[in-house]
Amino acid sequence: MGPGSASAQEVAYPNKPITVLIGYPPGGSTDLTGRAVADQLARKLGVPVVVENASGAGGAIAAMKASRAPADGYTLFVGANNEIAINRLITPATVKYSYKDFTPIGLVASQPMVLVASPGTGVKDASQFLSAVKASPGRFSYGSSGIGTALHLAGEMVKEQGGLFMTHIPYRGVGPLTTDLLGGRMDYGVFVLSSGLPLIRAGKVVALGVTEKKRSPAAPDIPALAESPKLKDMDIGVWFALMAPPQLPAPVLAKLRATLNDILQTPEFRKTLEDAGSTIAPPNVDMPRFLADETAKYQKVVDFAKITE
């Protein structure tokens, strides 16, 4: 059934429970965002909304399941840029879907990453970081939560724009990375802002700058890396979007988009995500253009760093 057609059932949408797929275990930023969306969908649509954590393969299992679900609006997907756009660029042999294999409903929120230094480096800001690494090519390393993650791509974007030679060390999550940074066994690291802020506020690591173009409302005292002339084009974050299977009927898509726009203005929802370090997306983002632009940005970094798994 094409996007422009509608049956009587679709006009009455929704009339049964909706499932929201999330590609990670409970507790992370994607799960928090997805559950907040699901809670508001249930309130505004008047039907139960069940969250299903189909974790694994960097979010790809849930994404693939969503891309193959019936296009009736009863299976939705809240995902981040990793599983929607980046995974395909890193592992095309195993990730068989692309962002074009979904009906994008809308952008939900975004959150910058933050580049931090171990206190042992003596580096206090982005300018000192650039000078130190530039002066000793190959001496320093930075860590991320894994190969091909948005955190890894952010680190490689810093290297590309700054003309730096650093070694990337992938960790199995931010826990081991944190341990090595605090122990002085790792020089620099990239965190999602919400994960890095407690360490920064406690003085355990030094914030060098957030990775989005502008400072984050959640931490306005931390400069944007783009404020440094050598990193003026630095602009990459973690974003979350509500997606549906391809070929979603137009009436269902229209209802879900209107509902999401309403959710984005709901004070309770905004507070939940803002307290977690996210910035609520503006309504009515041109999602096809946004996804194409973001994927092109990631492709450039992947090509520069020759990232493969």
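Everything discussed here concerns the structure shown above.
Residues numbered from 1 in each chain as written. Predicted model: local features only at pLDDT ≥ 70, side-chain atom pairs only at ≥ 80, totals over all residues. Heavy atoms only, no water.

**Student:** An account of the overall build of the chain is needed here, citing residue identities and associated values.
**Tutor:** Within the chain one finds 11 helices and 10 strands. For the chain, the C-alpha radius of gyration of 20 Å lies close to 19 Å, the compact-globule estimate for 309 residues. Its C-alpha atoms put the chain at 70 × 40 × 30 Å along the principal axes. Within the chain, the fraction of its 309 residues that count as buried is 53%. Of the roughly 12,900 Å² that the chain leaves accessible, carbon and sulfur atoms contribute 55%. Counting 30 positive and 26 negative side-chain charges, the chain places the averaged centre of each group 3 Å from the other. (Helix = DSSP H or I, 4+ residues; strand = E, 2+ residues; numbered from the N terminus. Rg over C-alpha atoms; globule rule 2.2 N^0.38 Å. Buried < 20%, exposed > 50% of the residue type's maximum accessible area, 1.4 Å probe, protein only. Areas by Shrake-Rupley, 256 points an atom, 1.4 Å probe, with all protein chains shown as cover. Lys, Arg positive; Asp, Glu negative; His and termini not counted. Charge placed at Lys NZ, Arg CZ, Asp CG, Glu CD.)

**Student:** Provide a residue-level description of the layout of surface pockets, including the pertinent values.
**Tutor:** Considered as a void within the structure, the largest pocket measures approximately 770 Å³ in volume. The wall of the largest pocket is formed by 34 residues, among which Tyr24, Gly58, Asn82, Ser145 and Thr149 lie closest to the centre. Taken together, the elements giving at least two residues each to the lining of the largest pocket come down to helix H2 (29-45), helix H3 (60-67), helix H4 (81-90), helix H6 (150-162), helix H8 (193-201) and strand S9 (237-244). The residue makeup of the lining of the largest pocket, split by class, is 16 nonpolar, 15 polar and 3 charged. Quantified by volume, the second largest pocket comes out at close to 380 Å³. Together, 21 residues line the second largest pocket, and Leu107, Ser110, Glu212, Asp235 and Phe290 are the ones closest to its centre. Listing elements by their share of the lining of the second largest pocket, those giving two or more residues are strand S4 (103-117), S9, strand S10 (279-280) and helix H11 (287-305). When the residues that make up the lining of the second largest pocket are grouped by side-chain class, the tally is 10 nonpolar, 4 polar and 7 charged. (1 Å grid on protein atoms, 1.4 Å probe; cavity = no way out; pocket = protein on both sides within 12 Å on 5 of 7 lines; lining within 4 Å. Points joined across faces, edges and corners; volume = space filled by probe spheres on them. Nonpolar A, V, L, I, M, F, W, Y, C, P; charged D, E, K, R; others polar.)

**Student:** Go over the pattern of salt bridges, please, and point to the residues and values.
**Tutor:** Applying the stated criterion across every chain yields a total of 13 salt bridges. Of the charged contacts in the structure, one is a salt bridge between lysine 65 and glutamate 52, with a shortest N-O distance of 2.5 Å. Of the two residues, lysine 65 sits in helix H3 while glutamate 52 sits in strand S2 (residues 49-53), which places them 13 residues apart along the sequence. When the shortest N-O distance is used, the salt bridge between aspartate 221 and arginine 201 registers 3.0 Å. In this pair, aspartate 221 is assigned in the loop between strand S8 (206-210) and S9 and arginine 201 in helix H8, connecting sequence segments 20 residues apart. What emerges from the salt-bridge pattern is a single network uniting Asp39, Arg43 and Glu268. (Salt bridge = Lys/Arg side-chain N within 4 Å of Asp/Glu carboxyl O.)

**Student:** Describe the pairing of strand S6 (residues 167-170), listing the residues and the values that go with them.
**Tutor:** With 4 bridges joining them, strand S5 (residues 141-144) and S6 adopt parallel strand pairing. Residue pairing for S6: tyrosine 142 is matched across the bridge by histidine 168. With H6 bridging S5 and the parallel S6, this β-α-β connection has right-handed handedness. (Pairing = 2+ DSSP bridges. Right-handed = clockwise from strand over helix to strand, strands pointing away.)

**Student:** How would you explain the side chain of serine 118 if you had to name every residue and give the values?
**Tutor:** Residue placement: serine 118 occurs in the loop between S4 and helix H5 (126-135). Excluding its chain neighbours within four sequence positions, the residues that come into contact with serine 118 are Leu181, Gly184, Met186 and Asp187. (Contact = heavy atoms within 4.5 Å.)

**Student:** Any details on the packing of aromatic side chains? Residues and values, ideally.
**Tutor:** Taken as a whole, this structure holds 6 aromatic pairs when the rule is applied. Aromatic side chains tyrosine 13 and tyrosine 74 sit 5.1 Å apart centroid to centroid with 65° between the ring planes, which places their arrangement in the edge-to-face category. Residue tyrosine 13 is found in the loop between helix H1 (8-11) and strand S1 (18-22), and its partner tyrosine 74 is found in the loop between H3 and strand S3 (75-80); the two are separated by 61 residues along the sequence. Assigned by exposure class, tyrosine 13 and tyrosine 74 land together as buried. Summarising the aromatic geometry, the rings of phenylalanine 140 and tyrosine 188 are spaced 5.9 Å apart at their centres and angled 70° between planes, so their arrangement reads as edge-to-face. (Phe/Tyr/Trp six-rings, centres within 6.5 Å; stacked < 30°, edge-to-face > 60°.)

**Student:** Quick one: what's the story with the packing of H6 against H11, residue by residue and with numbers?
**Tutor:** With their axes 9 Å apart at the nearest point, H6 and H11 run at an angle of 70° to one another. As judged from the angle between their axes, H6 and H11 are roughly perpendicular. Counted together, Leu153, Glu156, Met157, Lys159 and Glu160 of H6 and Lys297, Tyr298, Lys300, Val301, Val302, Phe304 and Ala305 of H11 form the full contact between these two elements. Of the residues contributing to the contact of H6 with H11, the split by class is 7 nonpolar, no polar and 5 charged. (Axes fitted to C-alpha atoms, helices over the stretch in contact; angles between N-to-C directions. Parallel < 35°, antiparallel > 145°, perpendicular 65-115°, else oblique.)

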